[in-house]
Amino acid sequence: MHFVICAKQIPDPDTPPSAFKIDETKNEVVPAPGISPVLSQFDGIAAEAALRIKEKVGDVKITVISLGKESAQAAIKQVLAMGADEGLLLEDDAFENGDHYTTALVLSEAIKKLGDVDAVFCGRQAADWDMGQVGLGIAQLLEMPCAIIGKDVDISDGKMTVQRVLLDGFETVEMPLPAVVTVSNELGEPRYPKLQQIMQAAKKTVNKWSLADFENLEATQVGEQGRKLKLEKLFIPASDSEVEIIEGESAQEQASALVSRLKDAKIL
Amino acid sequence: MTKNILVVGEFNQDGLSETTAELLTGASSLSSGGSVSIVLLGAGSQEKAQSSFSYGATKAYTIDNESFSEFLPDKWAIAVNDIYEKEKPDLILLEQSTVGRDLGPRLAFKLNSAVAMDCVSIESDDAGFKATRPCFGGNARATYSYSASPAVATVRAKSFEAKTQGNENGEVVQIDLAADSKVSVINREEVATEGLKLTDAPIVLCGGRGLGGPEGFDMIQELANVIGTDKAAIGSSRAACDLGWYPVANQVGLTGKVVNPDLYVGIAVSGASQHMAGCSGSKSIIAINKDPEANMFKSARWGIVGDYKEVVPALIEAIKSS
């Protein structure tokens, strides 16, 4: 079988909010000095889901694909170090500044071009824009069934079984391959590569495809030109909260003072 | 300029969901006199359609059929697409719910258009629609316009206020449609929430990783008991859920539930932005944390810097004796 993991490199979401800055003239996040971009956390968990199945069923090739700049190689290498077999970087100036539609379009064309893909694993959402639509978009464009927000994924007998997290419960669904699944943090922590695996990953193949490698795609369909959602404004919401720290000699004193504030505000 | 809007509604045996009523009210003001229609799928939808008219719908499309009662996203996408073709709305609104977050992107890609997810505000002008939504884990907000039609948006609960419009009548159009799903549901289990639902509670007490272990939640439960379990419900940060200290169904944050209570108490919760994305709409926030630098203090109205193991029992006593 052949699995694809879609991986995105993003600004580190653990950047302290005080270091999070936006350039409002460019509608861009200003990279925090000294903080490197990372593999989007949910994509690492998607890789974990794919690798667990590979360990169980054996004969599986895993390709990790990233649409991004040359620097996204680091995200690809990380998934290769976890145990994926081959990397694919989709890189072209024409792909830059796209939206979720153009991202799903290019990824789906790449998956089509790979030809023999049985299952696609994505994170439930990228931890930068938090949209949660690229996995579903790939599935829709490739006419594959899709289950989102999985906490457990299994493949056997040509079928994918996904246990999904709902807002008020769980659900188990089954669908025929090829299929797309998006994976959530409830699956568990992604494995941490050993030094030896990191060294092996450096030797694994990472192919590069640009727009010219896609017969079906025109420059007008991708990147900034292909956007269907136009980013008008990116801003940090104003906070009007001024915290009152309740002081006191003891926890009892602080607690009584807080309770009387709540009584005064008619909350309790 | 008038706009036609289609709302993908949700309902249960008690009636339309609150958020659906909010979306209809919002749609009728965004439409500037254009049509507001609703689609309701599954058994009982014709009866439930009646109440949609009082919130501003003028037409309700229903598939009042048991075969659509179970939410199967690919099958529902076929149905809504069919109604799109009949109505050709400029905007499709869905709830940011189990249904909307699965159906919204499917519809947008099917219609060769775009969706903005988890919006907190939608505006309309002559140029079209603008959708604003949190991103970067709640650190930032983005406002989008659409360069494709129809615009699709999933909308967070309480982004609009539900108001009845003094109209009781509208047209119900029953659709006959058969569609299949490629996905079969083998099992579905609802996590029974005893008593008050987290999203309905006027007071939410939330525990985080700083509790140090699951027993911290026992203390929070005691606090909930003295406040009254008809008022206070308990939430958990993602970190505490991932550590197995509290059920996932009670997770507050970007990837869990979004709550907007009168009072939110973060107990040993650092307040990472992805957590704040789930509670920043609370009317008042209290932060209790031994780290004075904890991010939650920045959004709080009141804060106590101290060990929760001392502060929470003191609060329990203070409430008992007040």
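Residues numbered from 1 in each chain as written. Chains lettered and ligands numbered in written order. Predicted model: local features only at pLDDT ≥ 70, side-chain atom pairs only at ≥ 80, totals over all residues. Heavy atoms only, no water.

Considering the interface of chain B and chain A
Okay, so step 1: Between chain B and chain A, the residue contacts involve 73 residues of the former and 75 residues of the latter.
Okay, so step 2: At the boundary of chain B with chain A, total buried surface from both sides reaches about 6,700 Å², with 60% on carbon and sulfur atoms.
Okay, so step 3: Interface area lost by chain B to chain A is led by B:Phe109, B:Phe136 and B:Trp302, which between them contribute 12%.
Okay, so step 4: Seen at the junction of chain B and chain A, the total is three salt bridges.
Okay, so step 5: With its nearest N and O atoms 2.5 Å apart, the salt bridge here joins A:Glu171 to B:Arg188. (Contact = heavy atoms within 4.5 Å. Buried area = accessible area lost by both parts, 1.4 Å probe. Salt bridge = Lys/Arg side-chain N within 4 Å of Asp/Glu carboxyl O.)

Examining the pattern of salt bridges
All names here are of chain A.
Okay, so step 1: For the coordinates displayed, the defined rule picks out 27 salt bridges over all chains.
Okay, so step 2: A salt bridge links Lys 159 to Glu 174; the shortest N-O distance between them is 3.6 Å. Placement of Lys 159 in strand 10 (residues 159–166) and of Glu 174 in strand 11 (residues 169–176) is noted, with a sequence separation of 15 residues between them.
Okay, so step 3: Relative accessible area serves as the criterion here: at 35%, Lys 159 is assigned to the partly exposed category.
Okay, so step 4: Salt-bridge contacts for Lys 230 lead to Glu 232; the nearest nitrogen and oxygen are separated by 3.9 Å.
Okay, so step 5: Taking the relative accessible area as the measure of exposure, Lys 230 reaches 47% and is therefore partly exposed. (Helix = DSSP H or I, 4+ residues; strand = E, 2+ residues; numbered from the N terminus. Buried < 20%, exposed > 50% of the residue type's maximum accessible area, 1.4 Å probe, protein only.)

A word on the packing of helix 3 (residues 100–114) of chain A against helix 4 (residues 134–142) of chain A
All names here are of chain A.
Okay, so step 1: The geometry of helix 3 relative to helix 4 is characterised by a closest axis approach of 8 Å and an angle of 50° between their N-to-C directions. In terms of their interaxial angle, helix 3 and helix 4 are classed as oblique. At the point where helix 3 passes helix 4, the crossing takes the right-handed sense. Residues His 100, Tyr 101, Thr 103, Ala 104, Leu 105, Leu 107, Ser 108, Ile 111 and Lys 112 of helix 3 form the contact with helix 4, whose own contacting residues are Val 134, Gly 137, Ile 138, Leu 141 and Leu 142.
Okay, so step 2: In the contact of helix 3 with helix 4, the residues fall into nine nonpolar, four polar and one charged. (Axes fitted to C-alpha atoms, helices over the stretch in contact; angles between N-to-C directions. Parallel < 35°, antiparallel > 145°, perpendicular 65-115°, else oblique. Left-handed = near helix turned anticlockwise from the far one by under 90°. Nonpolar A, V, L, I, M, F, W, Y, C, P; charged D, E, K, R; others polar.)

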